[in-house]
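Remarks on the overall topology
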Amino acid sequence: MSRYTKKDILEMVEDEDVEFIRLQFTDLFGNMKNLAITASHLRKALDNKVMFDGSSVEGFVRVEESDMYLYPDYSTFVTFPWRPQQGKVARLICDVYRPDGTCYEGDPRYILKKVVSEAAALGYTFNVGPECEFFLYHMDDDGLPTNITHEQAGYFDMGPLDFGENARRDMVMTLEDMGFEVEASHHENSPAQHEIDFKYDEALATADNIMTFKLAVKTIAKRHGLHATFMPKPKNGVDGSGMHINMSLSRDGRNIFQDAKDKNGLSQEAYYFLGGLIRHVEAMTLILNPIVNSYKRLVPGYEAPSCIAWSARNRTPLVRIPGTRGEDTRLELRSPDPSCNPYLALALCLAAGLDGIKNKILPPEPMEGDMNAVSGEELASRGIRCLPRNLKEAVEAFRKDPLMAETLGEDVCRKYAEAKKKEWEAYNEQVSQWELDNYLLRI
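Residues numbered from 1 in each chain as written. Predicted model: local features only at pLDDT ≥ 70, side-chain atom pairs only at ≥ 80, totals over all residues. Heavy atoms only, no water.

Right, let's talk about the packing of helix α4 (residues 165–177) against helix α5 (residues 203–223) for a bit. The interhelical angle for the contact between α4 and α5, taken along N-to-C directions, is 135 degrees, at an axis separation of 9 Å. Taken together, α4 and α5 sit at an angle that is classed as oblique. Along this stretch, α4 crosses α5, giving a crossing that reads as right-handed. Across the interface between the two elements, Ala167, Asp170, Met171, Thr174 and Leu175 from α4 touch Phe213, Ala216, Val217, Ile220 and Ala221 from α5. (Axes fitted to C-alpha atoms, helices over the stretch in contact; angles between N-to-C directions. Helix = DSSP H or I, 4+ residues; strand = E, 2+ residues; numbered from the N terminus. Parallel < 35°, antiparallel > 145°, perpendicular 65-115°, else oblique. Left-handed = near helix turned anticlockwise from the far one by under 90°. Contact = heavy atoms within 4.5 Å.)

Now the structure itself:
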């Protein structure tokens, strides 16, 4: 249930001198979109009467069925702290509906809500805490982004080594002004790389928060003359940016992943959920790591997983069981990156976990030790699979797993896979700098 009513929002807009309201939604590929209205048209928006052209949004509908409506979620109302004090700007996150009043089945937010409802019917609440990483780079003289930094800071370094410290502090303060509970922020391993962690929440709220987080980070970075990028691997030879997903299920307010009697502190439901993740993760990778560049991060030696294994003892496998137990017991999926659509990513994580619980899918034995030090022969001998190595392999795995279509819908799966296949083909047609460096002189 929303914490705000229509009356509350109308009063807040008037009392806070809000002049513009952005009606936000997310397209199939994780891009935030918005339609701005003035305060005088807010009542119309709150009555679900604002229409837009769905055929103009990539991955949505054809031109002959283009009329779509935005239904604001009242609980997402917030005023942007970075806008003027007079004539302020607020936002409402919206669901997408068809003219006949039915939910648009290709709306990523609807897809997540549908899976969350399936979990609720089984008595479960899906709680998620993301770890969002990003880079802060210089912009050129024309105000365009580069991947240039003069910084050499590493893990947990502070100023003056950390050139982005002031920008990161302002980001945290802005997020807190918007209602986030920020738990920690720090410099990451690579030069100019940062992480801000906010408190876990139910899945839909977390997905909304991830989209808001990315907007706020980019906006505040620009105010500091920097460009914030969530590109997974913007530079060779350094660790890329991930978005680890910490997840647990609760029932009646109690974390059901915990079991103090188990050697790993995990319940039977937790093991089954883990088994479902491992069963389906190859197909899920197209959604969790959706761009060509994602696969430059998922290679050995750069603190990102490349093989499908789990452990309660170290950080290198695909799934880690963090050391805290009791109510904080959780599974940490380490492969996702921040270029993903969070609504689709969380929908698939939950669907895979529920499939594991329903069908009692047990995970393989845990893999202890540094995964980066394990040879390919040993991995093969232990039956350990690897994640897709590129976007093409990810598309192929995605198309083979029936759970993808069951969760996302046949039409969404087809559109998504076709778009990513074209992206891979377009990438392969390009002549890279590596090719020029290695072949132009010698051949």
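This part is about unusual backbone geometry. Most peptide bonds take the trans configuration, and most residues that are not glycine carry a negative phi. The omega torsion across Gly159 and Pro160 is 10 degrees, close enough to zero to call that bond cis. With respect to the secondary-structure elements, Pro160 resides in the loop between β7 (125–138) and α4. The phi torsion at Asp17 lies on the positive side, around 60 degrees, for a residue other than glycine. In this structure, Asp17 sits in the loop between α1 (6–15) and β1 (18–26). When its relative accessible area of 38% is taken as the criterion, Asp17 is described as partly exposed. Even without glycine at this site, Ala192 takes up a positive phi of about 70 degrees. (Buried < 20%, exposed > 50% of the residue type's maximum accessible area, 1.4 Å probe, protein only.)

A few words now on the pattern of salt bridges. In the structure shown here, the tally under the stated rule is 18 salt bridges. In this structure, the salt-bridge partner of Glu11 is Lys7, at a minimum N-O distance of 2.6 Å. With a gap of four residues between them, Glu11 and Lys7 both fall in helix α1, about one helical turn apart. Lys7 sits in the exposed class, given a relative accessible area of 56%. For the salt bridge of Lys421 with Glu425, the shortest nitrogen-to-oxygen distance reads 2.7 Å. With Lys421 and Glu425 both in helix α12 (residues 410–428), this residue pair falls four residues apart, about one helical turn. For Glu425, a relative accessible area of 35% gives the class partly exposed. Three or more residues are tied together by salt bridges with common partners; here these are Asp73, Asp95, Arg109, Lys113 and Asp208. (Salt bridge = Lys/Arg side-chain N within 4 Å of Asp/Glu carboxyl O.)

Moving on, we get to the nonpolar core. In terms of nonpolar packing, the biggest core is built from 97 residues, with Phe213 and Phe273 touching the most fellow members. The dominant element in this core, judged by the number of residues it contributes, is helix α6 (residues 268–288), at 13 residues. Here Phe273 is in contact with Phe126, Met247, Leu249, Phe257, Leu331, Cys349, Leu350, Gly353, Leu354 and Ile357, once residues within four sequence places are set aside. Judged by nonpolar contacts, the second largest core, of 25 residues, contains Ile9, Phe52, Val96 and Tyr104. (Core = buried A, V, L, I, M, F, W, Y, C linked by side-chain atoms within 4.5 Å.)

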